[in-house]
Amino acid sequence: MSRQIVLVGRALGAPTAEQTLASLAGRLAERLGHPVRPALLDHGERSVHGALDQCLADGATDILLVPAQVPRDRYLETWSRKATAHWIQKAGMDTGVRVAAGVSETNEVVDALVAAVSGPTRPINESPDAFRSPSWSEITAHRRHVFVCRGPRCSAYGAAGIAKTLSAHLRERGQDDDAVLVTNTGCLVPCNLGPMVVVHPDDVWYTHLDDEAVRRVVDEHLCDGMVVDELRTPRPAPAGAPEPQAPPPQPPEDT
Ligand code: FES
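On a predicted model such as this, the values are computed, not experimentally measured, just so you know.

### Some thoughts on the domain arrangement of the chain
Domain annotation of the chain identifies domain 1 (3–105) and domain 2 (140–231). Spacing between the C-alpha centres of domain 1 and domain 2 amounts to 27 Å. Facing 10 residues of domain 1, the contacting portion of domain 2 comprises 13 residues. Where domain 1 abuts domain 2, roughly 910 Å² becomes buried across the two surfaces, and 58% of that area is made up of carbon and sulfur atoms. Considering only the surface of domain 1 that becomes buried against domain 2, His43, Glu45 and Trp79 emerge as the three largest contributors, covering 48% of it. For the pair domain 1 and domain 2, the interface holds 1 salt bridge.

Printed below as a string of structure tokens:
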């Protein structure tokens, strides 16, 4: 039997979460003598499905999922299990995948905290200026604001690649934060349509995206101001809202 472990956490926009989890996975693998793969439920590049696919490609017959979050995060535990259940059905792997208790539920986490309390300390001597810099009062003058869903299901469906392509193509087209502001978000609700982005103020939802579709959204909508109708999913009108009017024709924006 070939055992592999998936150490799953959440990034929530923390830029170093992937490296931290990968380093922890490496140290754990050394200690246990089994391969340990880091995975992020949301907001990261290493998705749970990606890690499970790698385990399968390496011939794993026994996979253990370990939620590695302190303090306890029930969202992580619940959605890791649901994402894995989806993967098990798709991969046709009906046995051999189990989940461990979250680390914050173990007594050993208290030992780790005791070690931190009794270990080396240092004074806090950072300047507070960066925290309250006047530049944090400025709202960018962007024309459009794009929200990229990085929730658990969109992450499983490839949101990390979509986010990367979006940023890279915006850079190639010379669109900085003052033209198009991009924000990664948590779940936007219609997860089955992921991966997705929403463009405001136009209120346009682009769904089931792939790299080519994202490049079209950048070129046609974000640069030229023309909504890509064939890639959008219309949003129902709020109850009691007036009938929508046809928008006036829009001239190209970068001429
Ligand atoms: S995870 Fe993207 S809409 Fe729910």
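Now, onward.
### Section: the sheet that holds strand 4 (residues 97–99)
Strand order in the open sheet formed by 4 strands is 2-1-3-4, and the pairing between neighbours is parallel. Looking at the sheet topology across the chains shown, the edges are occupied by strand 2 (36–40) and strand 4. Taken pair by pair, the neighbouring strands of this sheet meet at an average axis angle of 25 degrees, ignoring direction. Across 3 bridges, strand 3 (residues 62–67) lies against strand 4 in parallel orientation. Along strand 4, the bridge assignment pairs Leu65 with Val99.

### Things to note about the nonpolar core
In this structure, Val146, Leu166, Val197, Tyr206, Leu209 and Leu222 are the most contacted members of the largest nonpolar core, which totals 21 residues. Counting only elements with at least two residues in this core, the list comes to strand 5 (144–149), helix 6 (159–172), strand 7 (197–200), strand 8 (204–206) and helix 7 (211–223). Of all the elements, helix 7 adds the most residues to this core, at 6 residues. Within the second largest apolar cluster, 15 residues are counted, among which are Ala39, Val48, Ala51 and Leu52.

Rules used in this analysis
For every chain, the first residue of the written sequence is number 1, and numbering continues from 1 along that sequence. The predicted origin of the model limits local features to residues at a pLDDT of at least 70 and limits the giving and counting of side-chain atom pairs to 80 or more, whereas totals for whole chains, interfaces and linings rest on all residues. Side-chain descriptors were evaluated using all non-hydrogen atoms of the structure, hydrogens and water having been removed beforehand. The split into domains, and so the bounds of each, comes from an automatic or database assignment of domains. Throughout, a residue-residue contact means that at least one pair of heavy atoms, one from each residue, lies within 4.5 Å. Note: buried area is the sum, over both parts, of the accessible area (probe 1.4 Å) each one loses when the two are combined. Any Lys or Arg side-chain nitrogen found within 4 Å of a carboxyl oxygen on Asp or Glu counts as a salt bridge. Strands pair, by our definition, only if DSSP identifies at least two bridges between them. To qualify as a helix, a DSSP run of H or I must reach at least 4 residues; to qualify as a strand, a run of E must reach at least 2; elements of each kind are numbered from the N terminus. All axes here are fitted lines through C-alpha atoms, helices being fitted over the stretch that makes contact, and every angle between N-to-C directions spans 0 to 180 degrees. To form a nonpolar core, buried Ala, Val, Leu, Ile, Met, Phe, Trp, Tyr and Cys residues must be joined to one another through side-chain atoms within 4.5 Å. Categorising residues by exposure relies on relative accessible area from a 1.4 Å probe, with only protein chains included: less than 20% of the type maximum marks a residue as buried, more than 50% marks it as exposed, and the intermediate range marks it as partly exposed.

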